[in-house]
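Coordinate analysis (summary)
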Amino acid sequence: MQLSREEFTEKYGAHPDELKAIAEFAHRHGLAVKSSHPGRRHVVVEGTADQFSKAFGVSFKRYELPPAPRRKGMLVRRTTYRGRDGFIHVPRELSESIVGVFGLDNRPIGGRSNLPGDTPIAYPISVAQAAGLYNFPSPSASIGGQTIGIVSAASGSVGYVQSDLNQSYAAVGQTAPMVSAISPDGITNPAFAMNTTAAAAAGASTLTFGPSVSAGTYTSGTAIYGYMGTLYTLFITSVGTTTITFEAWDPATQTVVAGFVTPIPANTPVYFNVDGETTQDLAIAGLAAIGANLACYFIADTQPGWVDMIGRVLHPDPGDFPAGVNAPSVISSSYFISGGDDPDGLAAYGVTTSLMDAISQSFMDATILANGPTFCVASGDFGSNCGVGGAANQGFNNDICQSDKGRFNVGTPADFMTMGLHKSKDVNSNVLIGRDAMGLYALSSLCTHQCCDMNTTQGNQQVGTISATGIRCNCHISYYDNYGKPINTNQPAKQTLASYGLSLGCDGSIYVDTTKTVAATTRLMA
Ligand code: FES
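To keep things clear, this report deals only with the structure shown in the data block. All figures in this text were calculated on a predicted structure; none of them were measured in a lab. (Residues numbered from 1 in each chain as written. Predicted model: local features only at pLDDT ≥ 70, side-chain atom pairs only at ≥ 80, totals over all residues. Heavy atoms only, no water.)

1. Focus: the pattern of salt bridges
Defined as follows: The salt bridge definition used is simple: a Lys or Arg side-chain nitrogen within 4 Å of an Asp or Glu carboxyl oxygen. Helical segments are the DSSP runs of H or I of at least four residues, strand segments are the runs of E of at least two, and each set is numbered from the N terminus. Per-residue accessibility, obtained with a 1.4 Å probe over protein chains only, is compared with the maximum for each type, and a residue is labelled buried under 20%, exposed over 50%, and partly exposed between these values.
On inspection of all chains with the given rule, the structure shows nine salt bridges. Taking the shortest distance from any N to any O, the salt bridge between Lys-20 and Glu-24 comes out at 3.8 Å. In this pair, Lys-20 and Glu-24 are both assigned in helix H2 (residues 16-28), four residues apart and thus about one turn of the helix distant. For the salt bridge of Arg-40 with Asp-317, the shortest nitrogen-to-oxygen distance reads 2.6 Å. Remark: Asp-317 occurs in the loop between helix H7 (303-314) and strand S15 (330-333) and Arg-40 occurs in the loop between strand S1 (32-37) and strand S2 (42-46); sequence separation between them is 277 residues. By relative accessible area, which is 17% here, Arg-40 ends up buried. Overlapping salt bridges bring together Arg-40, Arg-312, Asp-317 and Asp-320 as one network.

This is the structure in structure tokens:
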């Protein structure tokens, strides 16, 4: 049975006596209770580092992360954090009530897939095409009652500009919903737009905004996306009272240059957003479910950031949504919390097991609450090159490049009379057919690096080049010999291509069975 938020709080929320005991513990150590929420089962306390140190028996130090190299369009992460040393102690009588203590350290956790974009052979498709490929149902008449929540876990450095979303929707003849921006810990949407107030010549590097640029929060050294007509990326180098000086990314030469590549007229809108991730997430989710409302949760990439966000999703604050807009029925995050859920994996990402306990309990709460949301947390949307599994994919962990095509006709013996490897006659077959002195054999055409199908062409490009001496995978350049063995030790593909069995059908055609692999020495005498 699913419960209203009131019923949930009554049945599963923190008991008033527990909240009182925790408040008394905080007060004994001089900590102030900032808020407490029985439904979320959260108590937020504030005080000095010394007070927290004494209350929980820990010590603090400041740590520094290695500086992240600046890359085009990449998030510039902060490099220092407050770290906690020692086990966290709580009074014995409270130990049954407390699942976790979060925020004693504020190290960044989690992240997102940090791989360099699309595979060389990848072609964009529209959101509508992707939705069709995944058999997304068409939005029903009740879609307006649904809200999709997007998480921007970037400590307020990645945001969206509503006009970008408006343009994305307008491109398919739709009207974008006004996004509800929600700030569980006071982190707000950092993205904004300003119009230039004076022209700048090509080669200049300073833009003028008036009367003041103080509306922005950016400081010297922060990387910024600036979109002006065609897309140009700008990097702030200094900020004046009414001016900002930039370096520019020249898309023609793919280099950072000192001055603007084109003249910039007065009244040109410049969009300040270090990264398109949140805009992309909102646009894709929204356009896959046109008519749904959108919400965006801006959070710190820290343990309390995630805890507070999930609590706020399950138990919204009054005013989080305008009248007539419901709380999210689904939450989607392209930022992940940890790269592994075993103790070593968690530790590597700065995640404690108590955070996992707290999140697991919250997810269970979501199943009990009426209209409780589904949480989807993924990674890998830096283009289609997620670094594992399929040729062009979105974070699927498909470690083995295996055909799923079953048994099918690949041609006749006459099609493969010459020695060496041949493409299958069926370009969608995922197999290559070889002939040597022993007979015919079949190899998987899926490159063992990231499963590019070397039997196919994409656009006017050959995915695989088949020659007398073997195969070249053009996705990231790997070579195989005629029997599917990788040739170079330093190439991306390391494993031998799978071998499949061939048989001769009554119709004189050759059939391959891709449901199981066979020994590489298997031959069809035909
Ligand atoms: S898929 Fe990367 S080299 Fe073939």
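2. Thoughts on the sheet that holds strand S19 (residues 431-436)
In plain terms, the rule: Two strands form a pair only when DSSP identifies at least two bridges running between them. Geometry is summarised by axes, namely lines fitted to C-alpha atoms with helices restricted to the contacting stretch, and by angles between N-to-C directions that run from 0 to 180 degrees.
With respect to topology, six strands assemble into an open sheet ordered S17-S27-S26-S20-S19-S18, the strand pairing being antiparallel. Edge strands, defined here as strands with exactly one partner in the open sheet, are strand S17 (407-411) and strand S18 (420-423). Averaged over neighbouring strand pairs, the angle between their axes works out to 35° when direction is ignored. Inspection of the sheet shows S19 paired to strand S20 (residues 439-444) by six bridges, in the antiparallel sense. Residue Gly-434 lies in a different strand from S20, and its bridge partner there is Tyr-441.

3. Description of the sheet that holds strand S14 (residues 293-298)
Spatially, five strands are ordered S6-S14-S5-S15-S16 in an open sheet, and the strand pairing comes out parallel. Looking at strand neighbours, the two that pair on one side only are strand S6 (180-182) and strand S16 (374-377), the edges of this open sheet. Strand-to-strand twist in this sheet, taken as the mean axis angle between neighbours without regard to direction, amounts to 20°. Pairing analysis gives six bridges linking strand S5 (residues 147-152) to S14, with the strands arranged parallel. What sits directly across from Val-151, in S14, is Tyr-297.

4. Examining the state of the cysteines
The condition is simple: The disulfide criterion used throughout: a pair of cysteine sulfur atoms within 2.5 Å.
Within the structure shown, the criterion is met by one disulfide. Through a disulfide, Cys-452 is tied to Cys-475; the S-S separation comes to 1.8 Å. Taking the sign of the S-S torsion, -95° for the link of Cys-452 and Cys-475, the bridge is left-handed. Here Cys-452 is found in the loop between S20 and strand S21 (457-458), whereas its partner Cys-475 is found in the loop between strand S24 (470-473) and strand S25 (478-480), with 23 residues between them in sequence. Taking the relative accessible area as the measure of exposure, Cys-452 reaches 4% and is therefore buried.

5. Focus: the nonpolar core
Applicable threshold: Grouping buried Ala, Val, Leu, Ile, Met, Phe, Trp, Tyr and Cys residues that are joined through side-chain atoms within 4.5 Å yields what is termed a nonpolar core. Reported domain spans reflect what an automatic or database domain assignment gives. Between two residues, a contact is recorded if the distance between any of their heavy atoms is within 4.5 Å.
If you look at the biggest cluster of nonpolar residues, it comprises 46 residues, and the most contacted ones within it are Leu-207, Phe-272, Tyr-297 and Trp-306. At the level of secondary structure, the elements contributing two or more residues to this core comprise strand S7 (192-195), strand S10 (230-239), strand S11 (243-250), strand S13 (269-272), S14, H7 and helix H9 (353-368). If you tally residues by element for this core, the top one is H7, at six residues. Of the residues that make up this core, three or more belong to each of domain 2 (127-188 + 276-377) and domain 3 (192-272). Apart from residues no more than four positions distant in its own chain, Trp-306 is found in contact with Ile-109, Val-151, Ala-153, Ile-299, Ala-300, Ser-333, Tyr-335, Phe-336 and Ile-337. Formed by 19 residues, the second largest nonpolar core is a distinct cluster that contains Tyr-160, Val-179, Ala-285 and Ala-289.

6. Some details on the packing of aromatic side chains
What counts here: Geometry of aromatic contacts follows a simple scheme: Phe, Tyr and Trp rings, the Trp one being its six-membered ring, pair when their centres are within 6.5 Å, and the pair is stacked under 30 degrees between planes, edge-to-face over 60, tilted otherwise.
Under the criterion given, the structure shown has 12 aromatic pairs. Between Tyr-160 and Phe-298, the aromatic rings sit 6.1 Å apart at their centres with planes inclined by 15°, giving stacked as the arrangement. One end of the pair, Tyr-160, is in the loop between S5 and helix H5 (162-170); the other, Phe-298, is in strand S14, with 138 residues separating them in the sequence. Residue classification places Tyr-160 among the buried residues on the basis of a relative accessible area of 6%. Classification of Phe-298 as buried rests on a relative accessible area of 1%. With centroids separated by 5.3 Å and ring planes inclined at 25°, the aromatic side chains of Tyr-441 and Tyr-483 adopt a geometry described as stacked. One end of the pair, Tyr-441, is in strand S20; the other, Tyr-483, is in the loop between S25 and strand S26 (499-504), and 42 residues separate them in sequence.

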